[in-house]
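Architecture and fold: a report
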Amino acid sequence: MAKVKEKRTPMPSQDPRERIGNFDEVALGYTVEMAVEEAKRCLQCKRPTCLEGCPVQVQIPEFIALVAEGDFLGAARKIKETNSLPAICGRVCPQEEQCEIRCVLGKKWEPVAIGRLERFVADYERLHGEGDDIQRVPSNGRKVAVVGSGPAGLTCAGDLAKLGYEVTIFEALHAPGGVLVYGIPEFRLPKEIVRAEVETIRKLGVRILTNVVVGKTVTIDQLLADGYEAVFVGSGAGLPRFMNIPGENLNGVYSANEFLTRVNLMKGYLFPEWDTPVKVGKRVAVVGGGNVAMDAVRCSLRLGVEEAYIIYRRSEKEVPARAEEVEHAKEEGVKFKFLTNPVRILGTEDGWVKAMECLRMELGEPDASGRRRPIPVKGSEHIIEVDTVIMALGTSPNPLIAGSTSGLETTSWGGIIIDEETGQTSRPEVFAGGDAVTGAATVILAMGAGKRAAKGIHEYLTKGS
Amino acid sequence: MFKIVKRRDLTPVTKLFVVDAPLVARSAKPGQFVIVRIREQGERIPLTIADYDPEAGTVTIIFQEVGMTTRLMGELKEGDELLDFVGPLGQAAPEVTEGNVIFVGGGFGVAPIYPIAKQYFNAGVHVESIIGARTKDLLILKEEMETVSHRLHVATDDGSLGHKGFVTEVLQRMIDEGQRMDIVVAIGPMVMMRAVTEVTRPYGIKTLVSVDPIMVDGTGMCGACRVTVGGKTKFACVDGPIFDAHEVDFDEAVRRGKMYAEEERRANEACRCGGGA
Ligand SMILES: Cc1cc2nc3c(=O)[nH]c(=O)nc-3n(C[C@H](O)[C@H](O)[C@H](O)COP(=O)(O)OP(=O)(O)OC[C@H]3O[C@@H](n4cnc5c(N)ncnc54)[C@H](O)[C@@H]3O)c2cc1C
Ligand code: SF4
Ligand code: FES
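Residues numbered from 1 in each chain as written. Chains lettered and ligands numbered in written order. Predicted model: local features only at pLDDT ≥ 70, side-chain atom pairs only at ≥ 80, totals over all residues. Heavy atoms only, no water.

Next up on the list: the site of ligand 2. As a matter of local geometry, ligand 2 sits amid A:C42, A:L43, A:C45, A:P48, A:T49, A:C50, A:P61, A:C103, A:V104, A:V112 and A:I114. Taken together, the residues of the shell around ligand 2 break down into 10 nonpolar, 1 polar and no charged. (Near = heavy atom within 4 Å. Nonpolar A, V, L, I, M, F, W, Y, C, P; charged D, E, K, R; others polar.)

Of the residues lining the interface, 42 residues belong to chain A; the matching set on chain B comes to 47 residues. In total, chain A and chain B occlude about 3700 Å² of area from one another, counting both sides; carbon and sulfur atoms represent 53% of this. Linking chain A to chain B there are 3 salt bridges. Summed over the shared surface of chain A and chain B, the number is 23 residue pairs in polar contact (both at pLDDT 80 or more). (Contact = heavy atoms within 4.5 Å. Buried area = accessible area lost by both parts, 1.4 Å probe. Salt bridge = Lys/Arg side-chain N within 4 Å of Asp/Glu carboxyl O. Polar contact = N/O pair within 3.5 Å; in protein donor to acceptor, adjacent residues only side chain to side chain.)

With that settled, the discussion passes to the packing of aromatic side chains. Residues and elements named next belong to chain A. This model, assessed by the stated rule, comprises 13 aromatic pairs over all chains. With a centroid separation of 3.9 Å and 10° between ring planes, the pair formed by F23 and Y269 is classed as stacked. Taken together, the residues F23 in the loop between helix 1 (16–19) and helix 2 (32–39) and Y269 in the loop between helix 11 (256–265) and strand 7 (283–287) connect sequence positions 246 residues apart. Residue classification places F23 among the buried positions, given a relative accessible area of 7%. Ring pairing ties together the aromatic residues F23, F187 and Y269, which thus form one cluster. The side chain of K143 reaches across the aromatic face of Y228, ending 4.3 Å from its centre. Here the basic side chain of R302 rests over the ring of F187, its NZ or CZ set 3.8 Å away from the ring centre. (Phe/Tyr/Trp six-rings, centres within 6.5 Å; stacked < 30°, edge-to-face > 60°. Helix = DSSP H or I, 4+ residues; strand = E, 2+ residues; numbered from the N terminus. Buried < 20%, exposed > 50% of the residue type's maximum accessible area, 1.4 Å probe, protein only. Lys NZ or Arg CZ within 6 Å of the ring centre and 35° of its normal.)

So, on to the pairing of strand 4 (residues 228–233) of chain A. All names here are of chain A. The buried fraction of strand 4 is high, at 5 of 6 residues. Sheet topology places strand 1 (residues 143–147) next to strand 4; 5 bridges connect them, and they run parallel. For K143, the partnering residue across the bridge sits in strand 4 and is Y228. Note that strand 4 and strand 16 (residues 430–432) share 3 bridges and pair parallel. In the sheet register, V231 faces strand 16, and the bridge partner there is V430. (Pairing = 2+ DSSP bridges.)

Here it is, written out as structure tokens:
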């Protein structure tokens, strides 16, 4: 065998100067040649360590071997045995903390670019495949309701449909997809791809009812009374957090959820052809260091701001966003202010943001999360002039469902309590998974939870029959 | 899709739709609202529920043609469909079954007043209502309000019907005359609600208003609808829209309501080119 290349095959991407002028996808994906070249770097380990990092057990070396042989459709089938949304996962999974970090090649050189290969395979199949030979399973006549159409709900619904259940998804918004449509921007995850995946789920026989807010339009107890034998709750963690500092209600302060929803779901960047406006000024500060903060700040650049800052209270090492997103943000000219924390927002006379007062921080002892706790430096107050502030401080589960379902137990911060194995809640007919249980996490974990719950629901409904 | 089963023009710029929405009708309560979107590239706008009929499966909405979406809605006919219609959202008006309640409705704010007054009236509350508009032709739901009020007062700015002047003047006179009032419910333009709030404040009369901030999702997901009530930030779409008037920070609410004034103007202009009003 030829000597292994030390470096992974780079993936082409749009030039940073060009891409901040559009909402098109940044990463352009491998060509056939690049994919084969990268796939050949894989050692086909006897005991592959990469596998342990994948929450849904994608058969990594097997699919990579098929890519190396040029059997891309075969590779797609292999991935889809365990992961029904590879085009999405290949784009948004934090592979560098999951499979790639465990790849043996990474000990000396760069790990195999597993994520890029997954993305290539899924895209190849979408463009050249025959379309899934989706077999609709004959109905077993039993109805299951799914609340929310994010990755958790879609996965759970798909798996249940494959078992013959009549599944209806109830979605509060007007479009299915959850965070995949309202949160993650077009330039990172084209909505066309989400639509295609949703179509696949529909073809399995799943009915999707948009514009239904469970807890308001109908309650879970009503659904159970209406003949649904079990309910899966995949309602996500949509409630935005604010800092509770002075000036937070000035005009020009957004939650990241509002800002991203206006941009992505409502296509605010196409205003006035599309009806929903989104306002950014010339200088934007995004407070936070996660994927959400990176998405918000990069959207603001594309809307034409002149200066865009990330304000994060810990240091660069602690930034929770994917490394690639931080890299992309830097290339695009985002300025990072680490170890900085806002204490108040200052307004103009007529109530618009004009600046933010911040403190410098230093890192102390590790806190409960294991990360070093930021402590304010005395007398380090300083002003950053901005006209828009976006708070990306994290989200928690919306209390609407817990508050309207009797006997549904939650944690102190609102997460629904489940049995880890089956997804069952304190109400035996109600199952849950994804961000609604864990708080804001990842697409792949939500999918894994949806899968486990589908199995749990099937066991629950077939038990004793 | 949600079919418009009936359309009525209340004034040249105020329209009433009865919409086929069985799930919403089944759960609706007075004081709640819906979010409507009319076309693929459309915005989501909140509209208060003006009436509902669980048996017929219909929900009534009333809107004034002020922005682009409401103007496009004004062109829809019976039998046309609304793309999205989600609700009922927000908290219902508090239930009241006894005592004296005064309803004050300004402009098309009479629409959200009506279902609440109807509920209170039927529950045995003594209801008196003051409804107002700039001029007689812009007054809406007068007959309907008459059926759910023990007494109905009308005020028009130009004196074309009833008292010449503001609804607040009628309310002040009732207070001066020593009329009993346990609760005042005021819904209408922000300036009018604020004026009513200032009339009742010195007397400590419990006053409720329904705020109407900018909204996006209407389910507590975005925080666009933040209002400060009693010094705390509330999300009007889930905590409201009805709040204790004496606790509401009206200055902030008015200011936040203007956040997109400039964009609204641009949208209206763009819409006009398309052959609108
Ligand atoms: C901006 C942003 C960027 C992100 N980037 C990444 C990334 O790069 N990689 C990654 O792995 N993860 C990322 N995440 C996290 C990831 O998107 C979530 O962990 C994942 O979507 C959770 O899936 P879910 O199905 O549990 O919930 P969601 O995707 O939140 O879906 C929940 C759905 O339920 C609906 N719903 C809520 N309440 C109700 C109700 N009462 N009735 C009916 N429907 C309801 C909601 O409208 C929504 O559609 C990101 C998140 C955000 C916000
Ligand atoms: S650990 Fe790395 S080299 Fe080994 S099988 Fe997995 S991807 Fe291939
Ligand atoms: S409108 Fe989005 S939280 Fe109220």
